[in-house]
Structures are given as C-alpha cells and as structure tokens.
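Residue-level listing of the chains:
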Amino acid sequence: MPEQNDTLLELAQATYRYPDGSRGLAQCSLRIRRGTRNVLIGANGAGKTTLFQHANGLLKPSSGVVHYAGKPVEYSRSGLRHLRSRVGLVFQDPDRQLFSSSVADDVSFGPLNLGLKLDVVERRVAAALALVDLTELADKAVHNLSFGQKKRVCIAGVLAMQPELLILDEPMAGLDPAMQKELEKTLNSLQQSGITLLLATHDIDFAYRWAEHIHLMADGRCMASLAANELASQADMLAAAGLPLPETIVLHRGLVERGILPSQPQPRCITSLLALLAATDSTKENLCKTS
Ligand SMILES: Nc1ncnc2c1ncn2[C@@H]1O[C@H](COP(=O)(O)OP(=O)(O)OP(=O)(O)O)[C@@H](O)[C@H]1O
Ligand SMILES: [Mg+2]
C-alpha cells in the first residue's frame, strides 16, 4: 500500500514473539510523521522497547511489515546498515549500548562506522559531548561513570550519527532535573533542525507537555495515536492501559468546575496554567478598577 509522503516510519500489523514465546508485538500498527515530536506511553511490558527494536531492524516482525521512508525495511546487511544510519536508537539500559573503553571512543564508534573522515568525526563527537555536558569526561573510562552519565554518553553517541529519526527509550529516567531540562531543550532544537523524535516515557506529565502525538501502547499493540490535546477526553482509555491523566489536566478540570478558569485554552503544563490564572486575576482587577 503506498504511504503518505509525510510518513517516516510505519508499522503495519506487526507481530513479534520472543524465542521463549512471550508476546512482544501483536498486530501493532503505528505511523510516525516526519518532523514531529512523538511519545510512546504504556505500562511495563506493553511493547514499547520491542517496537523500537523493530524501528531500527534489530528485530524483524514474524508477520506484518515495517516501512521506513515509504519502503519496506530490507533485512539484508546493506539494508540494515542503511536503516541504522538513519534511525538512531538510544537504549533504555545504557549498559546494553556502551562498550568502548573511553567516553570519546564510544561516541566516535558510530560516526567512524559510517566511514566519515577523522576530522568530521572529531567535530561531531565534540559537539555531541557538549550537548550532553560531558566534554570534561571525554577521556574517562565508561565503566566508571554514574548511571546518568552513562545514559548521556549513549545519547551523545546517537546524536553524533546525526540520524533522521531519533528514538530514545526512557531518556529522562535516571537523569537529574537539570539534565532533564537540558535534554528537553536539546530535543526541541533537534526537532527545529528537522529531526523526527520518538521516545518512550512513563512520565505522563512530560508526555502531555512535550509531545505533539501520543501513542498509547498496551498488550503489544498501539491502542490509539492521539494529538496531545485529545488526551483530556481519553481518561478511560488511559485508565484501561494503567495510566493516570496528566496532573495539569486534573488541576485545570478542577478550576473549570469551580468557574475559575474557562475550559479553553487547555494548558499543557503547570507554568501555562499559572499564567492563565494570573491573567484571570489581572482581568478581575481591571474590571474592579473600571467598575
Ligand atoms: N528478550 C526478551 N525475551 C523474552 N521476552 C521479552 C524479551 N524482551 C521483552 N520481552 C517481553 O516482551 C513484552 C514487551 O516487553 P517490552 O520490553 O517491549 O515492554 P516495554 O513497554 O518496553 O516495558 P517497560 O516499560 O518495562 O520498559 C514483555 O512481556 C516482556 O516480558
Ligand atoms: Mg522498555
């Protein structure tokens, strides 16, 4: 079936069982549009990591198809090499991804493998390390890093590949609050440069604040792909997938029910909600002054 031009990744009825018989994906269909910010949410075991491994060809569906840029993925050596030069995957567990002795060596590995010249690799590595604030640890042994630092090395390693689709499996987990904020800024600037972003998170508040499209996974399937502003009307579906509503939605609802705020616009984070409240206060003050 021909795909729409703006689709970068598409899973069509993809099914996968692990060798021990566990269900990884069950007729899972999902579409990721070029240039967009996407989040996969779902309980433990829902199939998020399995889906990501299908996106860069680490796993092959036993039935169904994975399309990338309008073509079915080719599982030949050259087909996978091509796919992996475009789809960067940051693993959930950094110890699965890191293997070189030093930080700089690890981040260089991918770009060197792409066959880039040494000076280009060095520039990319320096830029990627700076983005995750690891420049000073470039020569440090990877196995002596803290968990959050390891995670940042993994992110740098994939950024240095300059992928078209950047997939991050629970990137915020284990990062300190300052680094989470930095990473969010980095992700936003990557999107502005045209990169498509897909990440898994258990942080529903972050998902609601950040994503344009939220894909809800349960039991190996994508149950729904929603625009973020549709989430408020999907409390039942979220609950069925074991997920709460974002706190901002709950608070906003309470304020609407008390007549303090209008139902529109819907704030996506507490800061926007406070700004709406402040605007309401100043409107009331102005009305009092003029009456
Ligand atoms: N290597 C494996 N061998 C056997 N079963 C596996 C393997 N990896 C995952 N599974 C099973 O596949 C299902 C989906 O797992 P997956 O890791 O994709 O979930 P997830 O949504 O990423 O969960 P989490 O939020 O815990 O990271 C689970 O039932 C899990 O037990
Ligand atoms: Mg996972």
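First things first, this report covers the structure right here in the doc. Here the structure is a predicted model, which means the values were calculated and not measured.

Some points on the pattern of salt bridges
Item 1. By the definition in use, this model includes nine salt bridges.
Item 2. Residue Glu 164 pairs with Arg 86 through a salt bridge whose shortest N-O separation is 3.4 Å. Of this pair, Glu 164 sits in the loop between α5 (147–159) and β7 (165–169) while Arg 86 sits in helix α2 (residues 77–86), and the two are 78 residues apart along the sequence.
Item 3. Overall, the relative accessible area of 27% leaves Glu 164 in the partly exposed class.
Item 4. On the basis of relative accessible area, Arg 86 is assigned to the partly exposed category, the value being 28%.
Item 5. A salt bridge links Glu 182 to Lys 185, with the shortest nitrogen-to-oxygen separation between them at 3.3 Å. Of the two residues, Glu 182 and Lys 185 both sit in helix α6 (residues 177–192), three residues apart, roughly one turn of that helix.

Details of the site of ligand 1
Item 1. By nearness alone, 15 residues border ligand 1, and Gly 45, Lys 48, Thr 49, Thr 50 and His 202 come closest of all.
Item 2. Separating an oxygen atom of ligand 1 from a side-chain N or O atom of Asn 44 is a distance of 2.9 Å.
Item 3. In the environment of ligand 1, an oxygen atom lies 3.2 Å from a nitrogen or oxygen atom belonging to the backbone of Ala 46.
Item 4. Counting residues per element, the shell around ligand 1 draws most heavily on helix α1 (residues 48–55), at three residues.
Item 5. Class assignment of the residues belonging to the shell around ligand 1 gives a composition of three nonpolar, eight polar and four charged.

Structural notes on the sheet that holds strand β4 (residues 63–68)
Item 1. Sheet architecture is open: four strands sit in the order β2-β1-β4-β5, paired in antiparallel fashion. Across the chains shown, the open sheet's two edge strands, defined by having one partner strand only, are β2 (23–33) and β5 (71–72).
Item 2. Taken together, the seven bridges between strand β1 (residues 7–17) and β2 define a ladder with antiparallel strand orientation. For Ala 14, the partnering residue across the bridge sits in β2 and is Cys 28.
Item 3. Together, β1, β2 and β4 form the strand contacts of α1, whose direction differs from that of β2 by roughly 60 degrees.

Focus: the coordination of the magnesium ion (ligand 2)
Item 1. Around the magnesium ion (ligand 2), the protein contributes the donor atoms Thr 49 (OG1) and Gln 92 (OE1), which lie 2.0 to 2.3 Å from the metal centre. Separated by 43 residues along the polypeptide, Thr 49 in helix α1 and Gln 92 in the loop between β6 (87–90) and α3 (103–113) bring together distant segments of the chain.

A word on the environment of Ser 100
Item 1. Secondary-structure assignment places Ser 100 in the loop between β6 and α3.
Item 2. Note on Ser 100: relative accessible area 16%, which makes it buried.
Item 3. Sequence spacing of Ser 100 and His 143 is 43 residues, and the spatial spacing of their C-alpha atoms is 9.1 Å.
Item 4. Apart from the residues lying within four places of it in its own chain, the contact partners of Ser 100 are Asp 105, Asp 106 and Val 142.

Section: the layout of surface pockets
Item 1. In this structure, the largest pocket occupies an estimated 710 Å³ of space.
Item 2. Contributing to the lining of the largest pocket are 26 residues, with Arg 84, Phe 109, Gly 110, Asn 113 and Met 161 lying nearest its centre.
Item 3. Considered class by class, the residues forming the lining of the largest pocket number 14 nonpolar, eight polar and four charged.
Item 4. What lines the second largest pocket is simply Tyr 68, Ala 69, Lys 71, Pro 72, Val 73, Glu 74, Ser 78, Gly 79, His 82, Leu 83 and Arg 86.
Item 5. Those elements that place two or more of their residues in the lining of the second largest pocket are β5 and α2.
Item 6. When residues of the lining of the second largest pocket are assigned to their parent elements, the largest contribution, five residues, is made by α2.
Item 7. Within the lining of the second largest pocket, the residues separate by chemical class into five nonpolar, three polar and three charged.

About the criteria used
- Residues numbered from 1 in each chain as written.
- Chains lettered and ligands numbered in written order.
- Predicted model: local features only at pLDDT ≥ 70, side-chain atom pairs only at ≥ 80, totals over all residues.
- Heavy atoms only, no water.
- Salt bridge = Lys/Arg side-chain N within 4 Å of Asp/Glu carboxyl O.
- Helix = DSSP H or I, 4+ residues; strand = E, 2+ residues; numbered from the N terminus.
- Buried < 20%, exposed > 50% of the residue type's maximum accessible area, 1.4 Å probe, protein only.
- Near = heavy atom within 4 Å.
- Polar contact = N/O pair within 3.5 Å; in protein donor to acceptor, adjacent residues only side chain to side chain.
- Nonpolar A, V, L, I, M, F, W, Y, C, P; charged D, E, K, R; others polar.
- Pairing = 2+ DSSP bridges.
- Contact = heavy atoms within 4.5 Å.
- Axes fitted to C-alpha atoms, helices over the stretch in contact; angles between N-to-C directions.
- Donors = N, O, S within 2.8 Å, 3.2 Å for Na, K, Ca; no water.
- 1 Å grid on protein atoms, 1.4 Å probe; cavity = no way out; pocket = protein on both sides within 12 Å on 5 of 7 lines; lining within 4 Å.
- Points joined across faces, edges and corners; volume = space filled by probe spheres on them.

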